[in-house]
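This is what each chain is made of:
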Amino acid sequence: MGLRSALLGGRLRIALVALVVVAAGVGGAFAAGVIGAPSVDRVDNRFAGVNETATVIDTDLYVSNPNPLSANLSGLEVDYGVEMNGIQMATGEKGGVAIGRGTTAVPLRTTLENERIPEWWVSHIRNGEHTDLAVDATVTSETLGRTFEAPEISRSIDTDLLSAFNSTETREINAESPVVSDPVLYVNETSAEWGESTGERTALELTFVVHNPKPYPIAVSELGYDISMNDVDVGEGTTNSEYVISPRSTETIEATTHIENDRLDEWWVSHLERDQTTDLRIDFYANLDAGGTTLRVPLDPLTYEKTFETDIFGNKAASGGGETTDETTATETTAEPATATETATETATTAATGETMTATATDTATTTATDGETTTTDDGLL
């Protein structure tokens with residue numbers, strides 16, 4: 001008797017809602033509190049492809065319809081935006097969306113221009129290698145005359161590209177020349193920090209503490225460098241200052257190197273193609289004037305290598321799962337807690353270092369998708 005009453009009560013409630021909708025219209029029923037407002041439970045982004053000029057992002061907005069009606073809510077418009085350090089990276093929208101009872105995944109696709117990568121890079125470096133990512137989403141119903149915003153999704157993305165360059169390990173510099181015995185110099189200490197970052201290039205300020213073991217002075221007339229990221233050349237050049245190291249004495253040499261930001265869009269392609277992994281490498285050489293002879297010496301013991309990874313949307317280690325909500329069924333990829341990991345290695349005598357950064361995003365489950373007409377705007381970066 002109890003079960004029959006419950007079923008009868010549920011049917012009467014649905015019938016009552018239907019009568020109110022017919023009598024007052026959908027807008028009036030919403031105002032009367034009979035029809036509940038849809039909401040955005042979460043937003044999932046993922047990289048779907050990249051070429052020389054553009055990056056494709058696929059997005060699922062999970063929209064929930066709380067009403068007990070089997071009839072769809074139609075005529076919805078959904079849109080979203082992705083910001084990184086306050087920079088509008090990507091926007092997308094989709095109109096003519098109909099959702100059924102329960103939770104529906106509304107798919108969007110946005111194409112982003114790789115040439116905007118340098119702007120984000122500059123903000124990341126200026127912010128201490130830190131990025132705040134925020135995703136905002138809204139659903140607008142013309143029928144209900146309302147816009148409903150999703151809870152903001154935020155993540156922190158941190159890197160540490162230079163700390164492993166800081167070393168107090170002594171390294172020998174060999175000229176491998178018959179006119180001078182090896183080692184010709186010792187490098188007792190190295191350190192690095194970011195310098196000025198402009199729209200055109202990013203400076204790295206490097207310091208070397210160098211000892212001359214010879215009984216005669218040695219002049220460092222030129223210090224050259226080459227910077228690559230995933231074998232993409234992003235910077236090369238020479239320092240202009242000349243240093244003279246007195247016999248059996250120690251001198252501090254300072255050098256400014258640069259990453260050319262206009263090459264970072266090419267690096268970005270390689271970073272995504274390698275599952276958001278990059279090998280950073282800095283090679284050095286020096287022109288030395290020793291005992292009346294000028295030598296070009298590769299500084300192999302100073303070669304700096306570091307591997308770093310990012311997990312921009314927190315789904316690199318995603319696992320799949322299928323779930324059901326009300327009358328709607330779909331397969332969904334559920335992200336593990338968002339993490340970005342970073343490892344570092346330095347050649348020769350510098351010890352390897354590792355670091356793990358963790359960022360969290362909001363997770364909710366369930367879904368399906370129904371499509372209407374699609375409109376996509378390309379305003380973004382990541």
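Please refer to the structure higher up on the page.
The structure reproduced in this document is the subject of the present report. These figures come from a predicted structure and were not determined experimentally.

Conventions and cut-offs
- Residues numbered from 1 in each chain as written.
- Predicted model: local features only at pLDDT ≥ 70, side-chain atom pairs only at ≥ 80, totals over all residues.
- Heavy atoms only, no water.
- Helix = DSSP H or I, 4+ residues; strand = E, 2+ residues; numbered from the N terminus.
- Buried < 20%, exposed > 50% of the residue type's maximum accessible area, 1.4 Å probe, protein only.
- Contact = heavy atoms within 4.5 Å.
- Areas by Shrake-Rupley, 256 points an atom, 1.4 Å probe, with all protein chains shown as cover.
- Core = buried A, V, L, I, M, F, W, Y, C linked by side-chain atoms within 4.5 Å.
- Pairing = 2+ DSSP bridges.
- Axes fitted to C-alpha atoms, helices over the stretch in contact; angles between N-to-C directions.
- Patch = residues over 30% accessible without salt bridge, like charges linked within 9 Å, V, L, I, M, F, W, Y side chains within 5 Å.
- Salt bridge = Lys/Arg side-chain N within 4 Å of Asp/Glu carboxyl O.
- Lys, Arg positive; Asp, Glu negative; His and termini not counted.
- Charge placed at Lys NZ, Arg CZ, Asp CG, Glu CD.
- Parallel < 35°, antiparallel > 145°, perpendicular 65-115°, else oblique.
- Nonpolar A, V, L, I, M, F, W, Y, C, P; charged D, E, K, R; others polar.

A few words on the overall build of the protein chain. When helices and strands are counted, the protein chain shows three helices and 23 strands. Taking all 382 residues of the protein chain together, 46% fall into the buried category. A separation of at least 24 residues holds for 69% of the contacts in the protein chain among residues at least 6 apart in sequence. Only carbon and sulfur atoms are counted for the fraction: they give 47% of the accessible area of the protein chain, which is about 17,500 Å².

For the rest of this paragraph, the subject is the nonpolar core. Judged by nonpolar contacts, the single largest core of 77 residues is most densely connected at Trp121, Phe208, Trp267 and Phe284. Beyond its immediate stretch of four places on either side in the chain, Phe208 contacts Phe165, Glu189, Thr190, Leu223, Glu251, Thr252, Ile253, Ala255, Phe284 and Leu302.

At the junction of Asp182 and Pro183, the peptide bond is cis and its omega measures out at -5° in the coordinates. Examined against the element boundaries, Pro183 turns out to sit in the loop between β9 (171–173) and β10 (185–197).

The next point concerns the pairing of strand β12 (residues 218–229). Here is the key point about a regular strand: its side chains alternate between the two faces of the sheet. Across the twelve residues of β12, nine count as buried, placing the element largely inside the fold. By the bridge criterion, three bridges tie β12 to strand β14 (residues 243–245) in an arrangement that is antiparallel. Bridge pairing in β14 links Ile218 to Ile245. Pairing of β12 with strand β13 (residues 232–238), which is carried by six bridges, proceeds in the antiparallel orientation.

This next bit is on the sheet that holds strand β2 (residues 54–65). Hydrogen bonds between backbone atoms are what pair the strands of a sheet, whose relative direction is either parallel or antiparallel. Reading across from one edge, β1-β2-β5 is the order of the three strands in this open sheet, with antiparallel pairing throughout. Looking at strand neighbours, the two that pair on one side only are β1 (39–50) and β5 (102–113), the edges of this open sheet. Each adjacent strand pair in this sheet contributes to an overall mean axis angle of 20°, direction not counted. Sheet topology note: the β2/β5 ladder contains twelve bridges and is antiparallel. When the sheet's bridge partners are listed, Val56 is paired in β5 with Thr111. Its contacts with the sheet put helix α3 (residues 264–273) on β1 and β2, and the angle it makes with β1 is roughly 105°.

Taken together, the side chains of Glu52, Asp231, Asp233 and Glu266 define an acidic patch exposed on the protein surface. With respect to the helices and strands, the residue Asp231 is situated in the loop between β12 and β13.

A few words on helix α2 (residues 117–126). Of all ten residues in α2, eight are buried; the element is thus mostly enclosed. Here α2 has its buried residues at Ile117, Pro118, Trp120, Trp121, Val122, Ser123, His124 and Ile125. Just beyond α2, the residue with positive phi is Gly128, at close to 70°.

The next subject is the packing of α2 against α3. As a packed pair, α2 and α3 sit with axes 8 Å apart at the nearest point and diverge in direction by 90°. Judged by the angle between their axes, α2 and α3 are roughly perpendicular. Of the residues in α3, those touching α2 at Ile117, Pro118, Trp120 and Trp121 are Leu264, Trp267 and Trp268. For the contact of α2 with α3, a count of residues per class yields seven nonpolar, no polar and no charged.

Further remarks concern the sheet that holds β9. Pairing is antiparallel across the open sheet formed by four strands, whose spatial order is β9-β10-β11-β15. Each edge of the open sheet carries a strand with a single partner, namely β9 and β15 (249–260). Within this sheet the neighbouring strands show an average axis-to-axis angle of 40°, counted without direction. Two strands pair when backbone bridges link them, and β10 and strand β11 (residues 201–212) are joined in this way by nine bridges, in the antiparallel orientation. Bridge pairing in β11 links Ala192 to Leu206. Against the sheet, α2 makes contact with β10, β11 and β15, and its axis sits at roughly 115° relative to β10, the strand it touches most.

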